[in-house]
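# Summary of structural features
These are the residues of each chain, in order.
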Amino acid sequence: MLPAPIFRNPVIPGFFPDPSVCRAGEDYYLVCSSFEYFPGVPIFHSRDLISWRQIGNVLDRPSQLDLPADTYASRGIFAPTIRHHDGVFYLVTTNVRIWRHLIVTATDPAGPWSEPVYFQLPLIDPSLTWDDDGNCWLTLAGTSNYRIDPATGEVFEGPIPLWSGTGGQYPESPHLYRIGGWWYLLLSEGGTHTGHAVSVARSRSVRGPWEPAPANPILTHRGLQRPIQATGHADLVDDPSGNWWMVLLGIRPRGQWPPFHVLGRETMLAPVRWEDGWPVVGPVDEEMVLPPGVAAPTVPAALDVRDDFDADRLDPSWISPRSRPDESWSLTDRPGWLTLTALGSTLDRPGATIVGRRQQHHDCWAGVRMETTGRAGLTLRIDEAHHYDLEVSEGTARVWARIGPLRQSVAECAVPDGPVDLAVTARSADPLPPTVTSAEQFTERSGPLGIRAAGPDTVTFTLDAGDGPAVLAALDGRYLSTEVAAGFTGRVIGMYVTEGTAAFDWFDYRAQPDAGP
Ligand code: 6LW
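Small disclaimer: the values here were computed from a predicted structure and weren't measured.

### As for the overall build of the protein
Helix and strand counts for the protein come out as 2 helices and 39 strands. Here the C-alpha atoms of the protein give a radius of gyration of 23 Å, agreeing with the 24 Å that 2.2 N^0.38 yields for 517 residues. In terms of principal-axis extent, the alpha carbons of the protein reach across some 70 × 60 × 45 Å. Counting the 517 residues in the protein, one finds 49% classified as buried. Pairs at least 24 residues apart make up 60% of the contacts formed inside the protein by residues separated by at least 6 positions.

### Brief notes about the site of the ligand
Around the ligand sit 14 residues in total, of which F78, A79, E172, T192 and H233 are the nearest. Class assignment of the residues belonging to the shell around the ligand gives a composition of 6 nonpolar, 5 polar and 3 charged.

### Things to note about unusual backbone geometry
The peptide bond linking F38 to P39 adopts the cis configuration, its omega dihedral lying at -10 degrees. Within the fold, P39 resides in the loop between β4 (37-38) and β5 (40-46). With an omega dihedral of 5 degrees, the bond running from G111 to P112 counts as a cis peptide bond. Relative to the helices and strands, P112 is located in the loop between β9 (100-106) and β10 (117-119). For S173, which is not glycine, the phi dihedral falls at a positive 45 degrees. Among the secondary structure elements, S173 is positioned in strand β15 (residues 172-179). Residue classification places S173 among the buried residues on the basis of 30 C-beta atoms within 10 Å. Its identity is not glycine, yet E394 carries a phi of approximately 45 degrees, on the positive side. On the basis of neighbour counts, which here come to 9 C-beta atoms within 10 Å, the residue E394 falls in the exposed class.

### Considering the sheet that holds strand β32 (residues 386-393)
Ordered by their spatial adjacency, 6 strands build an open sheet running β29-β38-β31-β32-β33-β34, and the pairing between neighbours is antiparallel. The open sheet terminates on both sides in strands that have one partner only, identified here as β29 (353-358) and β34 (406-414). Neighbour-to-neighbour, the strand axes of the sheet open up by a mean angle of 20 degrees, direction not taken into account. Pairing analysis gives 8 bridges linking strand β31 (residues 375-383) to β32, with the strands arranged antiparallel. Note on β32: the bridge partner recorded for R375 is S393.

### Notes on the sheet that holds strand β3 (residues 27-31)
Sheets are built from strands that pair by backbone hydrogen bonding, the pairs being arranged parallel or antiparallel. Pairing is antiparallel in the open sheet, where 4 strands are placed in the order β2-β3-β5-β6. Every other strand in the sheet has two partners, leaving β2 (20-24) and β6 (53-59) as the edge strands with one partner each. The sheet shows a mean angle of 25 degrees between the axes of neighbouring strands, taken without regard to direction. Relative to β6, β5 runs antiparallel, the two sharing 5 bridges. Pairing of G40 across the sheet is with L59, part of β6.

### Observations concerning the confidence of the model for the protein
The share of residues in the protein with pLDDT of 70 or more is 93%, and the mean pLDDT across the chain is 93. With pTM at 0.95, the complex prediction returns an ipTM value of 0.96.

### Structural notes on the domain arrangement of the protein
Considered domain by domain, the protein is made up of domain 1 (6-289) and domain 2 (305-510). Taken together, the contact between domain 1 and domain 2 spans 32 residues of the former and 39 residues of the latter. Sorting the residues of the side of domain 1 that touches domain 2 by element identifies β4 and β6 as the ones contributing at least two each. When the residues that make up the side of domain 1 that touches domain 2 are grouped by side-chain class, the tally is 17 nonpolar, 12 polar and 3 charged.

Reading guide: rules and limits
- Residues numbered from 1 in each chain as written.
- Predicted model: local features only at pLDDT ≥ 70, side-chain atom pairs only at ≥ 80, totals over all residues.
- Helix = DSSP H or I, 4+ residues; strand = E, 2+ residues; numbered from the N terminus.
- Rg over C-alpha atoms; globule rule 2.2 N^0.38 Å.
- Buried ≥ 20, exposed ≤ 12 C-beta atoms within 10 Å, placed from the backbone.
- Contact = placed C-beta atoms within 7 Å.
- Near = placed C-beta within 6 Å.
- Nonpolar A, V, L, I, M, F, W, Y, C, P; charged D, E, K, R; others polar.
- Pairing = 2+ DSSP bridges.
- Axes fitted to C-alpha atoms, helices over the stretch in contact; angles between N-to-C directions.
- pLDDT = per-residue confidence, 0-100.
- Domains from an automatic or database assignment.

Put into structure tokens, the structure is as follows:
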């Protein structure tokens, strides 16, 4: 007998939390939160829910995304919901920097999306659903329903209180569905960390009364020994054959107790089956068996990325904290290179010129070829207070560590004029075995830095000025984790400049730490 076909989680690795999905015919579209980064709300396309390709960003113009320089890290754009109704795609989200909800629409999900319609109602995590009479219902965390005009944001009715979960903290990410004569209300509770859980209730009417599922929470990994934790913030979709699926967020902690997660909250997928009119799902693992009749994807997951900056526009996967002013970057100043210009800030404050992409794998290598007469380099960051940088300035390369209130140069060497190759490697710690039986097992896993309790990974910076790569510094990755930095995002690898200009010939990202030249 052939082994059952499988797929792997996360289906979208790296800081891509709060997934929401919709289907139009045979095409699926998925969006995620983007917080303080510009452009906002990455949008992906798939034909099988497993292999996703980013096709753009929903909020890709400053007129749609108001993130002033004083926007705190992990503020900005929270959980979006995407829906397809009457041939139009709707995206509703909250910009918590200005405390406004906004709706944008498009006929092509790759864009352009409309200018936003703003409206103000309490709380976060808006979702849209239409009833048979064409009424549009906006559901918010808490949880409440409002009957609104999605074209103007005008509220006709509400708040109408809904079922708010089994009593866990933060009932949020509510989504309503009409399935088989029922309204289903799916929500998350227990907070977005390891207490996270998904619960469901149903009603014959959008106005209630709501009957909770007897098996609530229908999904949680709290207290379970599984590689994926914090499962929650879920959305449901059916496929053309009638199978149901859940997209949700999860984290993958690494290192010794307590473990740290460094890639943010990632997008997972799980098959859903129905029993007695209730959805049954999980547990969610890195390797999942596909339901009978569903073929494994034929397209392998794209792990490696290379950008030679030869295109006439930046790929949608490139992000910048808060904004990317036109005068801060160019693909034409030096054709085939990305030229960045400093606008007067440092990496320790908002406003530095950074163009980066998410670290998507625990083990990876990222390199650039860079030339600068100013102050520029390669940073691995979570926010302005948590980053490691390899920086070139005035003939010297330095590795800087910024951890909370501390900022320290940890290594330096001389570099000649002209282009240099900079690289950062993340190499993850082996997970501890479920049961540790000897002191040696702890010692073995104490990692290359010799620190007693191993962090999640070791971050190494190398520099190559023409005579081969030389390691400048190896740093404990725990300080660039969500457990240390807090917040809702994850690591980003950025090209940056803080004085003058810098030109980048290429950026290379590989999902193997030994991939460097
Ligand atoms: C989001 C909320 C949550 O709005 O975290 O995990 C918040 N869930 O639903 C930010 O991502």
